[in-house]
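# Notes for the structure review
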Amino acid sequence: MSVDSSSKATIAAKAGHFLDVNTGAVVPEIQPSTTFARDDRYQLIDPANTYARDASPSFVYAERVLAELENGDECRLFASGMAAIAAIFYTLKPGSHVVLPDSMYWGAKSWIHAHCHRQDIFLSQYHAADADSIVDAIAGYNSTQLVWVETPSNPMMHVTDIELAASHAHDAGALLVVDSTASTPVITQPLDLGADLVVHSATKALNGHSDVLAGAIVTADSHDLWLAVCAERAGAGAVPGTFESWLLLRGMRTLFVRVNAAMKSAMAIAEFLQSHSAIEAVLYPGLVNHPGHDIASRQMQGGYGSLLSFLVNGDSTTALSVAGKLQLITSATSLGGVETLIEHRHTLEPEENAIPENLLRLSVGIESVEDLINDLDQALRGI
Ligand SMILES: *Cc1c(COP(=O)(O)O)cnc(C)c1O
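Here is a short report on the structure shown in this document. (Residues numbered from 1 in each chain as written. Predicted model: local features only at pLDDT ≥ 70, side-chain atom pairs only at ≥ 80, totals over all residues. Heavy atoms only, no water.)

As a further point, take the site of the ligand. Taken together, 14 residues are adjacent to the ligand, and M82, D179, S201, T203 and K204 come closest. With respect to the ligand, the side chain of T203 contributes an N or O atom lying 2.6 Å from an oxygen atom. Residue K204 places a side-chain N or O atom 2.8 Å away from an oxygen atom belonging to the ligand. The fraction of the free accessible surface of the ligand (370 Å²) that becomes covered by protein chains is 93%. The element contributing the most residues to the shell around the ligand is helix 3 (residues 81-90), with three residues. (Near = heavy atom within 4 Å. Polar contact = N/O pair within 3.5 Å; in protein donor to acceptor, adjacent residues only side chain to side chain. Areas by Shrake-Rupley, 256 points an atom, 1.4 Å probe, with all protein chains shown as cover. Helix = DSSP H or I, 4+ residues; strand = E, 2+ residues; numbered from the N terminus.)

So, in structure tokens, the structure goes:
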């Protein structure tokens, strides 16, 4: 059952209704202890806490809030989004098969390819904008374990129909994992649409202030893959620090106001860019002419995210000069922060990824939208 977004905003704002009954504090403490004592009968004082590589009270607050926001049952934090993604792949046996989208976060794609090559795990690819193409990507393999979705995809902004992807994955006996970093639980709950696991780079909008590296996985129930992922984290220990976990919880308290403000500005910027003579195309699922607009309208509620890409009239040099002329908007990687960032992905990804050379990806923050539009306008002048 999905809870309406106002109650989710309340869960986030109140950090899961936290109140310390002993002190009256409205903010959870930071608990840095790595080890937890036993009593005179050698029983743990709190059975949930043994050693901080496995679990710590500091992780649990943020994990509970995120599980609730995703309509999930449980959540585990990781040291980074990549550590969360890696934990899932570490559970796969040689000979397994995984289906990836043709457009996804490059850091994840390159690590997954290297890992699966070393481990003899087979990979095939579907078109992110066409979930039916998952059927062909599965055909011919008899041990498909996972189908991976990232929507909207980075940086091409393809929208994948999560419900359809889940049904194709489940028909083949595979599980569906959704990287929902770009959507955020403010607008999409992939578990409600049939996903088996949701992955986040909490470094992005969940924390939102470009000052914490963290990842998270949320599950709807305790299936075997979830238990294996939990064992992987407990054994290999890719956990965040206690202060990072506390900062993440603090960041999530303003998640709804930040993301709602950024999405509103992203829509206004997309419309501004679309009507600008220096722009060839704007890739944003909120625009009615985006090929994924109808699917996005069904599975994203209350907005279309704060990430968009646009193609300038010209080539790589034109795109780089536009980025270089921006005064307020910073050229830097990452997304989902309170500050607006722009990136030329063609410079960073290999030629085979076919990222258009005139594409700029914009992660919209919460500055005044007029200031952002004026900055883009002055940088586009003369093209
Ligand atoms: C940033 C990002 C990741 C990786 O997360 P880190 O926290 O940087 O390790 C994974 N998926 C998406 C969509 C991302 O944007």
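And the narrative resumes.
In this structure the tally under the stated criterion is six aromatic pairs. With 6.3 Å between their ring centres and 75 degrees between their planes, F89 and W111 make a pair best called edge-to-face. Here F89 is found in helix 3, whereas its partner W111 is found in helix 4 (residues 106-118), with 22 residues between them in sequence. Considering the side-chain rings of Y90 and W111, the 5.7 Å spacing of their centres and the 85 degrees angle between planes classify their relative orientation as edge-to-face. In this pair, Y90 is assigned in helix 3 and W111 in helix 4, connecting sequence segments 21 residues apart. The class of Y90 is partly exposed, set by a relative accessible area of 44%. These aromatic residues form a ring-pair network of at least three members: F89, Y90, W111 and W148. Geometry around Y105 places K204 over its ring, the cationic atom sitting 5.0 Å from the centre. (Phe/Tyr/Trp six-rings, centres within 6.5 Å; stacked < 30°, edge-to-face > 60°. Buried < 20%, exposed > 50% of the residue type's maximum accessible area, 1.4 Å probe, protein only. Lys NZ or Arg CZ within 6 Å of the ring centre and 35° of its normal.)

Take the sheet that holds strand 3 (residues 122-126) next. The mixed open sheet is built from seven strands, whose spatial order is 1-7-6-5-4-2-3. In the strand order of this sheet, the two ends are held by strand 1 (74-78) and strand 3, each with one partner. This sheet shows a mean twist of 20 degrees between the axes of neighbouring strands, independent of strand direction. Note that strand 2 (residues 97-101) and strand 4 (residues 144-150) share three bridges and pair parallel. Bridge pairing in strand 4 places V98 opposite L146. Running at roughly 150 degrees to strand 6 (residues 197-201), helix 3 makes contact with strand 1, strand 2, strand 4, strand 5 (175-179), strand 6 and strand 7 (215-219) of the sheet. Each of strand 4 and strand 5 is contacted by helix 6 (residues 162-171), which is oriented at about 150 degrees to strand 5, the strand it contacts most. (Pairing = 2+ DSSP bridges. Axes fitted to C-alpha atoms, helices over the stretch in contact; angles between N-to-C directions. Contact = heavy atoms within 4.5 Å.)

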